[in-house]
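Listed below, chain by chain, are the residues.
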Amino acid sequence: MSHRYRILVIVTSVFFLTASARSQSPLLTNPSTLSQFPTVELVKAGTKGADDVDSHARFMAALYRINSMIINDLLTAPNGGHFNIPPPAESVHQRYSNKITQLSIDQPPAAARDPKYRALEDKYEKDSAFLDNLLTQFFSAKFRTDYYAWVRKPVPQTSGATRPPAAVDPAIAKAKAAKVDLRVFGLEIGEPVQLPVCPAGIFEQAKGNCVNDNKFEINAASVFGSIFGLPPAGLLEAGFDSNYLDVVLDVDHCPAWLSGCGIKAILENGRLVGVSVVTRGRAVEKAVNEELKAKYGPPTGIYSGKITPDVGNAFEVHDPVWILPGLHVEYQVITHGDGDVVDVKGGGWVRVMTESAYQRLLNAKKPVKTKM
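Analysis parameters
- Residues numbered from 1 in each chain as written.
- Predicted model: local features only at pLDDT ≥ 70, side-chain atom pairs only at ≥ 80, totals over all residues.
- Heavy atoms only, no water.
- Helix = DSSP H or I, 4+ residues; strand = E, 2+ residues; numbered from the N terminus.
- Contact = heavy atoms within 4.5 Å.
- Areas by Shrake-Rupley, 256 points an atom, 1.4 Å probe, with all protein chains shown as cover.
- Disulfide = S-S within 2.5 Å.
- Buried < 20%, exposed > 50% of the residue type's maximum accessible area, 1.4 Å probe, protein only.
- Phe/Tyr/Trp six-rings, centres within 6.5 Å; stacked < 30°, edge-to-face > 60°.
- Pairing = 2+ DSSP bridges.
- Core = buried A, V, L, I, M, F, W, Y, C linked by side-chain atoms within 4.5 Å.
- pLDDT = per-residue confidence, 0-100.

So, on to the overall build of the protein chain. In terms of regular secondary structure, the protein chain is built from 14 helices and 11 strands. Taking the intrachain contacts of the protein chain between residues at least 6 apart in sequence as the baseline, contacts between residues at least 24 apart amount to 65%. With the model as given, the accessible surface of the protein chain reaches about 19800 Å², and the carbon-plus-sulfur share is 56%.

Scanning all chains against the criterion turns up two disulfides. Linked covalently through their sulfurs, cysteine 198 and cysteine 210 form a disulfide whose S-S length is 2.1 Å. Because the sign of the S-S torsion sets the handedness, a value of about 95° for the bond joining cysteine 198 and cysteine 210 places this disulfide among the right-handed ones. Of the two residues, cysteine 198 sits in the loop between β2 (187–188) and β3 (210–212) while cysteine 210 sits in strand β3, which places them 12 residues apart along the sequence. By the burial criterion, cysteine 198 is buried, and cysteine 210 matches it. What pairs with cysteine 254 in a disulfide is cysteine 261, and their sulfur atoms sit 2.0 Å apart. Negative torsions about the S-S bond denote left-handed disulfides, and the value of about -90° found for cysteine 254 with cysteine 261 makes this one left-handed. Once the bonded cysteines of the protein chain are numbered in order along the sequence, the disulfide links fall as 1-2, 3-4.

Right, let's get into the packing of aromatic side chains. Scanning the model with the defined rule gives eight aromatic pairs in all. Ring geometry for phenylalanine 37 versus phenylalanine 143: centroids 5.6 Å apart, planes at 85°, classification edge-to-face. One end of the pair, phenylalanine 37, is in the loop between α3 (31–34) and α4 (40–45); the other, phenylalanine 143, is in helix α9 (residues 141–150), with 106 residues separating them in the sequence. Grouping residues by exposure puts phenylalanine 37 and phenylalanine 143 together as buried. Each ring, one from phenylalanine 83 and one from tryptophan 150, has its centre 6.1 Å from the other, and the planes form 40°; the classification is tilted.

Take alanine 256: it is sitting in the loop between β4 (244–248) and β5 (262–268). Judged by relative accessible area, which is 66%, alanine 256 ranks as exposed. Along the sequence, alanine 256 and threonine 279 sit 23 residues apart, while their C-alpha atoms lie 9.1 Å from each other.

Another aspect to go through is the sheet that holds strand β6 (residues 271–278). Strands sit in the order β3-β4-β5-β6-β11-β9-β8-β7-β10 across an open sheet of nine strands; the sheet is mixed. Edge positions in the sheet fall to β3 and β10 (341–342), since each has one partner strand and no second.

To continue, consider unusual backbone geometry. Even without glycine at this site, arginine 152 takes up a positive phi of about 60°. Here arginine 152 shows up in the loop between α9 and α10 (170–177). For arginine 152, a relative accessible area of 59% puts it in the exposed group. For lysine 179, which is not glycine, the phi dihedral falls at a positive 60°. Within the secondary structure, lysine 179 sits in the loop between α10 and β1 (183–184).

Of all hydrophobic cores here, the largest spans 43 residues; its most connected members are Phe37, Ile70 and Tyr147. When contributions to this core are tallied by element, the ones reaching two or more residues are α2 (26–29), α4, α5 (52–71), α6 (87–106), α7 (117–126), α8 (128–138) and α9. Contacts of tyrosine 147, omitting those with residues within four sequence positions, involve Leu27, Arg65, Met69, Asp73, Leu74, Leu131 and Leu135. By size, the runner-up hydrophobic cluster in this structure holds 35 residues, among which are Val180, Phe185, Leu292 and Val329.

The subject of this paragraph is the confidence of the model for the protein chain. Averaged over all residues, the pLDDT of the protein chain is 82; the fraction at 70 or higher stands at 79%. In the model of the protein chain, helix α12 (residues 234–237) stands out as the element of lowest mean pLDDT, 41, in contrast to helix α13 (residues 285–296), which has the highest, 97. Scored below 50 in pLDDT, residues 159–165 shows 16 contacts in the model against residues more than four places distant or in partner chains.

If you want it as structure tokens, here you go:
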């Protein structure tokens, strides 16, 4: 099969999948496993070869093979039938297919025109040890085991990996060296998030932390998409983003000062780099401060200012921040911005992030400077 034709298959094959999704692979339906599919940038950084041509061959073979896991391997039922691709998995698949199209057709680099390239890329793509290397390098051990179970193949006794493990946020190593507590609500910053999907019934109580799969929002987006012809990217607006998980806490991990027991888990390449939670506002200020101080010690600093409420007189707020080795913790007693008139009964928030993730958040918020 030619590479040009194969790209067409990648883009169009999802429309011919017809099996029921009731028993579909959880590797594509569970948000916590779907979030482990690496970014294109991480794949490129982790597939360096002997030279530019070898590196590009490894990179492209990795994109083809990881993408094929989504649209072929994990959509093929054990009985040989095919499932429809879940909407969240479709957006992850597009991540790879768009880059494949760009580098194969629209903007092929010089390395792709080298006489050695095609044979190298084909060799890596067909190499089962290369695939196992990708599974070992970019995914958790459980994901790798579950993948082989789904495709009915034995787990290799020894991985063919010759590459070093994928890079982990350096802030995590810094925090561990300083013995900073990285546990948050039953999760641990720096580790993969591997949680079951929450029970389907709205009155069912999960026995442990679980992930809300946003089915209601995603199904609603699909309906509107079919009516108005919206692209799959609209699913992100409906609440799905593989870098964020809606985690529902069990009773043992849900403090009374939270507004509900749902938190936002912030991921990078499948690993937890932070959490963001909503508090019950001023009424729980003392309780939140006491728990944060007990965990992280005295705050590094406190931002003080006067709030203008929607009802009643202005009042002072004191928002503490902890700048720890590798970790950044913020607590805003009541959600506010500069000059805002706030809801006096509104909630506040706590955010715990690695210093690297926090810096990226700051950079993302910086306004773009114009040159006109």
